[in-house]
Amino acid sequence: MIPQGIRLHRLFVSGSGKKTAELTFRAGVNYISGESNMGKSFILECLDFMLGGEKRPEEIEEARGYTLVSLEFEARQGGSYTLERALQGGEFRLFRGYAEDRRLSSEALVLSSSSTSPDENISSLLLRLCGFPPARLRMNARNKTQNLTWRSLTHLYILNETRIIGENPPSLPPGAAVRKPALQAALKFVLTGIDDSSLVGLPDPKETKANRAGQREAYLQVAQEVEREMRQHEAVLRELPVATLEAEFEVATAALTGSTEGMRALQDEKRVLLRERELQRAALRTTRETLRRFGLLREHYGSDLRRLRFLGEGDHYFGQLRLTRCPTCGAPMTPEHEHAAEAPQAQTYALAIAEELHKVEGYLQDLNGTVAGLETQAATQEEAVRQIEAACEAFDVTLRAATAQHKVRQGDIARLTRARMVQQEALAAWQRRATYHIRADELARPLRSARPQQRYGIDGVVLRQFADVVGSTLRRWNFPLQGVVEMDDQSLDFRVAGRGRSANGKGYRALLNSAFVLSVLRYCDGRGLPHPGVLILDSPLTTFRQDRKILAEDSDRVHASFLADLLASPEGHQIIVLENTEISDDVRGRLNHIEFSREKSGARPGFFPVP
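Counting starts from 1 at the beginning of each chain's written sequence and moves along it residue by residue. In keeping with the model being predicted, local features are shown solely for residues with a pLDDT of at least 70 and side-chain atom pairs are shown and tallied solely at 80 or more, while totals for entire chains, interfaces and linings include all residues. Values shown for side chains rest on all heavy atoms present in the structure; no hydrogens or waters enter the calculation.

**Q** What am I meant to see in the sheet that holds strand β5 (residues 80–86) here?
**A** Either a parallel or an antiparallel arrangement is found when strands of a sheet pair, and the pairing is made through backbone hydrogen bonds. Strand pairing is defined by DSSP finding a minimum of two bridges between the two strands. Each helix is a run of H or I in the DSSP string that is no shorter than four residues. Each strand is a run of E no shorter than two, and both are numbered from the N terminus. Ordered by their spatial adjacency, six strands build an open sheet running β2-β1-β4-β5-β6-β7, and the pairing between neighbours is antiparallel. A single partner strand is all that each edge strand has here, and the edge strands are β2 (21–24) and β7 (109–111). Strand after strand, the sheet turns through a mean of 25° between neighbouring axes, direction not considered. Where strand β1 (residues 6–14) and β2 come together, four bridges link them in antiparallel fashion. Opposite F12, over in β2, you have E22 as the bridge partner. When checking whether two residues touch, look at their non-hydrogen atoms; a contact exists if any pair is within 4.5 Å. Here, axes are lines fitted to C-alpha atoms. For helices the fit covers the stretch in contact, and angles between N-to-C directions go from 0 to 180 degrees. Along the sheet, helix α2 (residues 122–129) contacts β1, β4 (68–75), β5, β6 (92–96) and β7; its crossing angle with β4, the most-contacted strand, is approximately 25°.

**Q** Teacher, can you tell me more about the sheet that holds strand β12 (residues 493–496) here?
**A** Across the sheet, which stays open at both edges, the three strands sit in the order β11-β12-β13 with antiparallel pairing between neighbours. Each of the sheet's edge strands pairs with one partner strand only, and the pair in question is β11 (485–488) and β13 (499–500).

**Q** Any chance you could explain the packing of aromatic side chains here in plain terms?
**A** Centre-to-centre distance and the angle between the planes together describe a pair of aromatic rings. The aromatic pairing rule takes the rings of Phe, Tyr and Trp, using the six-membered ring of Trp, and pairs them if the centres are within 6.5 Å, calling planes under 30 degrees apart stacked, those over 60 edge-to-face and the rest tilted. Across all of its chains, the model carries 15 aromatic pairs by this definition. Ring geometry for W477 versus F562: centroids 4.8 Å apart, planes at 65°, classification edge-to-face. Here W477 is found in the loop between α8 (460–476) and β11, whereas its partner F562 is found in helix α11 (residues 552–567), with 85 residues between them in sequence. Residue W477 shares its accessibility class with F562, and that shared class is buried. An angle of 10° between the planes, with centres 5.9 Å apart, marks the rings of F494 and F516 as stacked. Residue F494 is found in strand β12, and its partner F516 is found in helix α9 (residues 506–526); the two are separated by 22 residues along the sequence. Of the two residues examined, F494 and F516, each falls in the buried class. Any Lys NZ or Arg CZ found within 6 Å of a ring centre and within 35 degrees of that ring's normal is scored as a charge over the ring. We note R85 situated over the ring of F49; from NZ or CZ to the ring centre the distance is 4.1 Å. Summary of the burial criterion: residues with accessible area below 20% of their type's maximum are buried, those above 50% are exposed, and those between are partly exposed, where the area comes from a 1.4 Å probe applied to protein chains only.

**Q** Before we go on, may I ask you to explain the pairing of β11 in this structure?
**A** Sheet faces and side chains relate simply in a regular strand, where the side chains alternate between the two faces. The alternating pattern of β11 places V485 and M487 on a buried face, while none of E486 and D488, on the opposite face, is buried. Alignment of β11 against β12, held across four bridges, turns out to be antiparallel. Residue pairing for β12: D488 is matched across the bridge by D493. Between β11 and β12, which pair antiparallel and follow one another directly, the connecting turn spans four residues, one of which, L492, has a positive phi of 60°.

**Q** Help me understand the pattern of salt bridges, please; the structure alone is not making it clear to me.
**A** In what follows, salt bridge is the name for a side-chain nitrogen of Lys or Arg lying within 4 Å of a carboxyl oxygen of Asp or Glu. In this structure the tally under the stated criterion is 27 salt bridges. A salt bridge links E382 to R288; the shortest N-O distance between them is 2.2 Å. One end of the pair, E382, is in helix α7 (residues 346–444); the other, R288, is in helix α6 (residues 242–319), with 94 residues separating them in the sequence. One network of salt bridges, in which partners are shared, links R277, E278, R281 and E389.

**Q** Help me understand empty space enclosed by the protein in this model?
**A** Here the idea is plain: a probe the size of a water molecule rolls over the atoms and shows the empty space left. In this analysis the probe radius is 1.4 Å and the grid spacing 1 Å, with only protein atoms considered; a cavity is a set of points the probe fits into but cannot get out of, a pocket is an open set with protein on both sides within 12 Å along at least five of seven lines, and lining residues have an atom within 4 Å of a point. Grid points are joined across faces, edges and corners, and a volume is the space filled by probe spheres set on the points. Scanning all chains against the criterion turns up two cavities of 30 Å³ or more. Here the second largest cavity defines a volume of roughly 30 Å³. Lining the second largest cavity are F132, L153, L156, Y157, V190, H531 and P532. For the lining of the second largest cavity, the residue count by class is six nonpolar, one polar and no charged. Each residue gets one label: Ala, Val, Leu, Ile, Met, Phe, Trp, Tyr, Cys and Pro are nonpolar, Asp, Glu, Lys and Arg are charged, and the others, such as Gly, are polar.

This is how it looks when you write it as structure tokens:
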């Protein structure tokens with residue numbers, strides 16, 4: 001298993017012209033002792049401040065002129081770092097390595113002190129270095145969750161001199177009552193490693209009540225708007241009640257259907273007439289074209305007859321003429337001439353002309369008969385076309401009348417349809433108004449008490465095991481009050497031998513509170529759960545030793561047992577104790593002892609160097 005947690009190495013405070021005040025820590029137990037006003041509380045405040053705290057260290061006289069605080073630490077999983085922060089607060093600067101290694105440069109990573117920053121911040125850095133996974137923790141009784149932050153864990157590893165003797169449970173710092181669910185969730189997560197991301201949130205009763213009041217007001221407002229809309233439809237509803245409208249609509253629908261069918265039949269008949277008219281017109285055009293062509297043929301025959309009659313009349317004159325010269329060779333024409341037999345004879349011409357005349361006259365007679373028949377046919381076709389056109393005009397008149405009537409039927413349907421829509425809108429509006437009033441009435445009723453939510457807390461087995469660790473710690477310390485330790489995850493407190501922790505005096509509470517946070521460290525380490533790995537206790541023994549009701553030998557025994565148990569902590573734990581009490585020489589050599597004293601030789605006069 002990879003080691004988890006961090007180990008603090010050195011804390012130092014610097015300022016321009018000021019000698020650096022520093023403190024070096026070691027693994028194991030670090031025991032810082034000294035009288036009051038020697039800077040011990042300032043050291044704890046600086047450590048808390050450098051580990052993400054928002055509260056600045058108290059302004060003391062010795063710290064005047066100091067402006068910068070630095071903390072060197074190493075991650076047990078590997079790597080050393082230096083954090084810098086102005087004593088006045090603000091962002092962090094992170095360097096890799098220690099200042100004494102001379103590896104610090106201007107290449108610093110600026111970290112926000114806010115855990116809500118979207119970039120890496122001091123919280124996310126420390127959580128990552130200590131092995132904490134991203135987690136959601138319950139923050140209130142309504143199961144609303146928030147991200148785990150480093151400051152959610154601070155109270156489990158730092159106990160200042162106020163909290164260490166406080167009556168509040170060590171897991172519930174003073175003034176944190178409103179944060180009790182969040183602190184309870186933090187302890188649960190630390191002891192189990194299980195976060196609250198699976199919790200189902202519950203509504204806030206106040207928000208629910210306000211939301212319901214707002215919704216009721218909205219429903220009533222919308223209902224009023226619907227009522228205004230309904231008043232606009234009252235005239236239509238009075239004029240045409242629902243039953244009357246439906247009857248009229250049925251009649252109008254039947255009339256429109258009949259009109260549509262009549263229109264369709266008329267249009268079909270007209271299409272038949274139009275097709276017939278086109279056929280007659282085509283036949284008439286064909287007949288007229290034939291007559292035109294026959295007229296041209298008759299003119300040709302007449303021209304032929306005139307030509308032939310002219311030739312017949314001219315033959316009489318040609319017969320009286322005598323040839324004087326041969327038309328073939330031009331020689332004088334004598335009966336003995338060799339071409340005399342070839343000369344044309346007038347009688348032959350006359351016969352041919354007569355025969356041709358007879359043939360053409362026969363053709364012409366046949367043509368005249370055919371033309372007469374065609375003219376009769378054309379007249380018949382023209383009459384048929386006129387009759388069809390007259391029928392079409394009559395159909396047009398009928399169709400226009402039917403179309404006008406059809407439009408009237410369509411208008412009736414449109415009027416009744418609009419009236420029906422108004423009725424439907426009015427009925428729908430009435431239903432909406434009724435629904436809105438019903439919902440408004442429901443929202444006005446008191447909410448029934450919600451079903452009790454499942455009890456939130458830490459598993460009983462875990463509590464028993466953790467309580468055993470606390471009990472073992474107290475026994476090793478020879479704590480005067482011995483007995484069974486019992487944990488209560490609801491109050492975040494525990495009892496020893498049936499006596500509540502807060503019922504004891506300050507001296508006892510200091511030891512009990514210290515035992516609690518030390519047991520958290522040991523419990524997590526023993527089960528491989530993440531933990532900061534460091535524990536800081538301010539005056540765990542002072543109040544106990546000052547209690548006059550406690551015998552000196554009992555006080556010494558507890559003191560010695562306390563230190564012996566800390567020295568027996570597993571390797572890797574770092575425990576920093578700030579105390580007013582001295583320690584024996586045999587123990588001093590086994591831990592990192594830093595003594596503040598203005599009188600003892602070899603001791604430091606305090607955290608800050610003496611000018």
